[in-house]
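Each chain, written out:
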Amino acid sequence: MKWNFTEPTEGSFIFVGADWLGNWAPANHKQIRGHNLLWHNQLPSWLTEVSDPATMAEILAFYL
């Protein structure tokens, strides 16, 4: 459920894998644990291409 998989293109969300896991885990008596949103090597490429600090702050504020 890392950002580069759930939003590979800005504004285009894909939760199929996360939804599957979210349904499978409780049905199989398993727990789900989260992962930090910002991780240096698993960010979507569109985010790593942002060079303007103000734009980056806006993007991160949206998610945080």
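Refer to the structure printed above.
Conventions used here
Residues numbered from 1 in each chain as written. Predicted model: local features only at pLDDT ≥ 70, side-chain atom pairs only at ≥ 80, totals over all residues. Heavy atoms only, no water. Phe/Tyr/Trp six-rings, centres within 6.5 Å; stacked < 30°, edge-to-face > 60°. Buried < 20%, exposed > 50% of the residue type's maximum accessible area, 1.4 Å probe, protein only. Patch = residues over 30% accessible without salt bridge, like charges linked within 9 Å, V, L, I, M, F, W, Y side chains within 5 Å. Areas by Shrake-Rupley, 256 points an atom, 1.4 Å probe, with all protein chains shown as cover. Salt bridge = Lys/Arg side-chain N within 4 Å of Asp/Glu carboxyl O. Helix = DSSP H or I, 4+ residues; strand = E, 2+ residues; numbered from the N terminus. Expected span 1.5 Å × (residues − 1). Contact = heavy atoms within 4.5 Å.

(A) View of the packing of aromatic side chains. Under the counting rule described, the total for this entry stands at five aromatic pairs. On the numbers, 4.9 Å between centres and 90° between planes, the contact of F62 with Y63 is edge-to-face. On the accessibility criterion, F62 (63% relative accessible area) is exposed. For Y63, a relative accessible area of 25% gives the class partly exposed. One aromatic cluster is present, formed by W3, W46, F62 and Y63 through successive ring pairs.

(B) Representation of a nonpolar patch on the surface within the structure. There is a patch of nonpolar side chains on the surface, built from F13, F15 and F62 and spanning about 340 Å² of accessible area. Mapped onto the elements, F62 comes out in helix α4 (residues 53-63).

(C) Broad picture of helix α2 (residues 16-27). Given a rise of 1.5 Å per residue, 12 residues ought to cover 16 Å, and the 17 Å separating the end C-alpha atoms of α2 matches this to within 8%. At the C-terminal side of α2, H29 shows a positive phi close to 55°.

(D) Layout of unusual backbone geometry. Its identity as a non-glycine residue notwithstanding, H29 has a phi of 55°, on the positive side. For H29, a relative accessible area of 75% puts it in the exposed group.

(E) Structural detail: the side chain of T6. Examined against the element boundaries, T6 turns out to sit in helix α1 (residues 3-6). Apart from the residues lying within four places of it in its own chain, the contact partners of T6 are M1, S12, F13, I14 and F15.

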